[in-house]
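Each chain, written out:
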Amino acid sequence: MAEAIPGLAVHTITTKPWPVERCIDEYAAAGVSGITLWRRDFERLPAAAVGRRVREAGLECCGLARGGFFPAVEAAGRRAAVEDNLRAIDEAAACGAPVLVLVCGAVPGQPLAESRKQIAEGISECVGHARAAGVKLAIEPLHPMYAGDRSAVVTMGQANDLCDVLGSPAEVGIAVDVYHTWWDAALEVEIARAGEAGRLFSYHVCDWRLPTEDLLNDRGLMGEGCIDLAGIRGMMERAGFTGPSEVEIFSDRRWAQVQEVWLEEVVAAWVRHCG
Ligand code: ZN
């Protein structure tokens, strides 16, 4: 067993070929101190059982990914999305995740402003349930290349505005993912604004590869791309964030590797670039 490295957390999607039990055991053995679960982890084991295994392994559960996808053309679709998010909140509570990460959604062809209005309505319908469950909701602004179908919220500024529109409930905040936000000239100002409002809930790290060969599944390992990881972590800390740097890497290349070796590379890169 390696000694746990404070602040080092890994999303289970990073080692997608492994079932969640294997992720838990391998992460703990590799010195990872926190784990972010994905809802797919509950396909075979219920959320409460997964959460128990996480605690037994001595890992901290940092969050659950992901809820969201609120916009829909038809009201029935929007209602179904809210209901699915209420279930996701229950799963977060059951596994002991303090935060549910929201990928807010977008409908191809629907104006983004309309989608943002539907996102605000959808989140506001979940706030009471989240409060009762003791789960926070973290809006994750996505890179603008996903505006067509995955998120009408594409900047930290829009995420902050959305929190303001909702009346800044204590349960609603932001997940800052460097992959989505590193290019933004307003990043430092908007991270500071979020910190001021007490809404910096999560921080996700990876890198931006050049060239990026796939818009979804070609994220880089920290250090193999062009993101200023130390700079952005500094912005987060100056804004008062003390939480972990959670590694979240979707990569067909890496998932094709021997996962034990891949996890060793993740830990080494984290120590070098995020520690
Ligand atoms: Zn993320």
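Structure: above.
Anyway, here's the lowdown on the structure attached to this text. Model, not experiment: these values are computed from the prediction.

## Concerning the pattern of salt bridges
- Per the stated rule, a full pass over the model turns up 25 salt bridges.
- The salt bridge involving Glu-190 is made with Arg-193; its shortest N-O contact spans 3.0 Å. Here the residue Glu-190 and the residue Arg-193 both occupy positions in helix α7 (residues 187-196), the gap between them amounting to 3 residues, near one helical turn.
- A residue is classified by how much of its surface remains accessible, and Glu-190, at 13% relative accessible area, is buried.
- The partner of Glu-265 in a salt bridge is Arg-254, with the nearest N and O atoms 3.1 Å apart. Highlighted residues: Glu-265 in helix α10 (residues 259-273) and Arg-254 in helix α9 (residues 252-255), separated in sequence by 11 residues.
- Linked through salt bridges whose partners overlap, the residues forming this network are Arg-209, Asp-218, Glu-224, Arg-253, Arg-254 and Glu-265.

## What about the packing of helix α1 (residues 20-30) against α10?
- One can describe the packing of α1 onto α10 by two numbers: an axis separation of 11 Å at closest approach and a directional angle of 45°. Judged on the interaxial angle alone, α10 and α1 are oblique. As α1 runs across α10, the sense of the crossing is right-handed. Together, Arg-22, Glu-26, Tyr-27 and Ala-30 of α1 and Glu-260, Leu-263 and Val-267 of α10 make up the contact between the two elements.
- Considered class by class, the residues forming the contact of α1 with α10 number 4 nonpolar, no polar and 3 charged.

## Some points on the packing of helix α4 (residues 112-133) against helix α5 (residues 156-165)
- Remark: α4 packs on α5, axes separated minimally by 10 Å, with the N-to-C direction vectors making an angle of 50°. Between α4 and α5, the crossing angle belongs to the class labelled oblique. For the element pair α4 and α5, the recorded crossing hand is right-handed. Residues Arg-116, Ile-119, Ala-120 and Ile-123 of α4 form the contact with α5, whose own contacting residues are Gln-158, Leu-162 and Val-165.
- Of the residues belonging to the contact of α4 with α5, the class tally is 5 nonpolar, 1 polar and 1 charged.

Each value, and the rule that gives it
Residues numbered from 1 in each chain as written. Predicted model: local features only at pLDDT ≥ 70, side-chain atom pairs only at ≥ 80, totals over all residues. Heavy atoms only, no water. Salt bridge = Lys/Arg side-chain N within 4 Å of Asp/Glu carboxyl O. Helix = DSSP H or I, 4+ residues; strand = E, 2+ residues; numbered from the N terminus. Buried < 20%, exposed > 50% of the residue type's maximum accessible area, 1.4 Å probe, protein only. Axes fitted to C-alpha atoms, helices over the stretch in contact; angles between N-to-C directions. Parallel < 35°, antiparallel > 145°, perpendicular 65-115°, else oblique. Left-handed = near helix turned anticlockwise from the far one by under 90°. Contact = heavy atoms within 4.5 Å. Nonpolar A, V, L, I, M, F, W, Y, C, P; charged D, E, K, R; others polar.

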